Structure formats: structure tokens, C-alpha cells
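Okay, here's what each chain looks like letter by letter:
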Amino acid sequence: FKTLPSAILLVLIYALSFTFHDRAAIVHDVESTITFDIEENANFAFNSGMTMGHKGIYDVNSRADFYSWMRLGLTPLILAHEKPKSEWRTENSVPNDEEARRYYLFFSRIIGGIRIRQATSVAEEIEDSRARRIFGKNLARIGDSVDIEQHFKPEQYTVMSSRPNFNENKTRWLKLSDTIQEVEATLRKMEDED
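Everything in this summary refers to the structure shown in the same document. Keep in mind the model is a prediction, meaning the values are calculated, not measured.

Calculation rules
- Residues numbered from 1 in each chain as written.
- Predicted model: local features only at pLDDT ≥ 70, side-chain atom pairs only at ≥ 80, totals over all residues.
- Heavy atoms only, no water.
- Helix = DSSP H or I, 4+ residues; strand = E, 2+ residues; numbered from the N terminus.
- Expected span 1.5 Å × (residues − 1).
- Buried < 20%, exposed > 50% of the residue type's maximum accessible area, 1.4 Å probe, protein only.
- Arc of directions from axis to C-beta.
- Phe/Tyr/Trp six-rings, centres within 6.5 Å; stacked < 30°, edge-to-face > 60°.

### Focus: helix H7 (residues 180–192)
With 13 residues, H7 extends 18 Å from end C-alpha to end C-alpha; this agrees with the ideal 18 Å at 1.5 Å per step. Those residues of H7 that sit buried are Val 183, Thr 186, Leu 187 and Met 190. Buried residues along H7 cover an arc of 95 degrees about the axis, so they all sit on one side. Relative to its buried face, H7 has exposed residues pointing more than 90 degrees away, namely Gln 181, Lys 189 and Asp 192.

Here is the structure:
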């Protein structure tokens, strides 16, 4: 019986030191805030007055959708070249100062900018010849290069810890110091490639 109280004390000390040093609750709150902001505010497919974006990250279904979302949704949200303003304001946009652009959601420091990388996989023969006839090309299974279960929405940790085969020739940066025109030119160039 003498070892049980010391074991409980050791577990209690470990739990308290982990809670106070790692601050997991605060880290989780910041990560959840960033996820929420991207899901809800990085919109594209705007109406004619450019006041309401009708699609978000989960509505990206094609290459054109991806670049529209990057150009109209994610890039203005993260790189914030202009100060936000409410709908139907007629004044010209006011540029953000350099210090304000360094922070995302007024708290998280942006280091570098946005890195865009493309994962590739080796095309392989699909056993079902009908699928090949339908698509007109050999299909590649992403699961061969990335070990992710594809039947369910993957957990964030699974995606972040996977090690896909990145094509380093396709890595692009949208730097924090880039102007709006430079960001637009980089995204146009990426969209026109391939």
C-alpha cells in the first residue's frame, strides 16, 4: 500500500505540470479559431456586387474553384493587404500597415506567408477496365502515396502527420511582403501551369 499513494502523487504531478507547461487548452482554442475563420470567412463565388461569397473551402470541387478560393477567399483573409470594411461602403479601400499585416486574427504571428505544395502520386493501372474507359486515362490512388483512409473525413492529425510525395518543383510561396499584384500574378501563373 505504500507505493499506491506515491504512484497517484506522481500521476497528479505529471498531469499538473503538463497542464501548466503545455497549455493545451489555449493551443486548442487558437487552432479552433483559425479553422473556424477559414471555414466561415474564406469565401468565393461572390455575387455581382462582390458583397457576399456563396461558397467556402468545402465547396472547392475543381481546379478553377481552388484558384478562385485562393484568390478571393484565403489570400485576402491571411495576407490582409487591406483593412476590412462593412458591406456597401463606397470609399476606396484603406491599405493595412506593415505591422498589422504580420498578424492573423490580431494574435497569431505570420511567418513568411502561405506555402502551397502539390502532392503527387504515381499513376497505376486500375483493375476495372470500365473505369479507365470512362475517365480516358490511367487513374492513381492517392492512398498509395499518402496513407489516409479515404472513405471518411480524415482527422487533422492524420493529414498533418502524413508524408506525401511533394513535388518540390511545384512549391510556391505567397510572401507576406508581396503586393496584391504580385500575389495575383503568382496565382495566375500557378493556374496556367499544367
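Right, picking up where we left off after that structure.
### Some remarks on the packing of aromatic side chains
By the definition in use, this model includes three aromatic pairs. Ring centres of Tyr 14 and Phe 18 lie 6.4 Å apart, and the angle between their planes is 20 degrees; this geometry places the pair in the stacked category. Taken as a pair, Tyr 14 and Phe 18 lie in helix H1 (residues 3–22) at a separation of four residues, close to a single helical turn. Owing to a relative accessible area of 57%, Tyr 14 belongs among the exposed residues under this scheme. Judged by its relative accessible area of 41%, Phe 18 is partly exposed. An angle of 80 degrees between the planes, with centres 5.1 Å apart, marks the rings of Phe 66 and Tyr 67 as edge-to-face. Given a relative accessible area of 9%, Tyr 67 falls into the buried group. Taken together, the ring pairs connect Phe 66, Tyr 67 and Trp 69 into an aromatic cluster.

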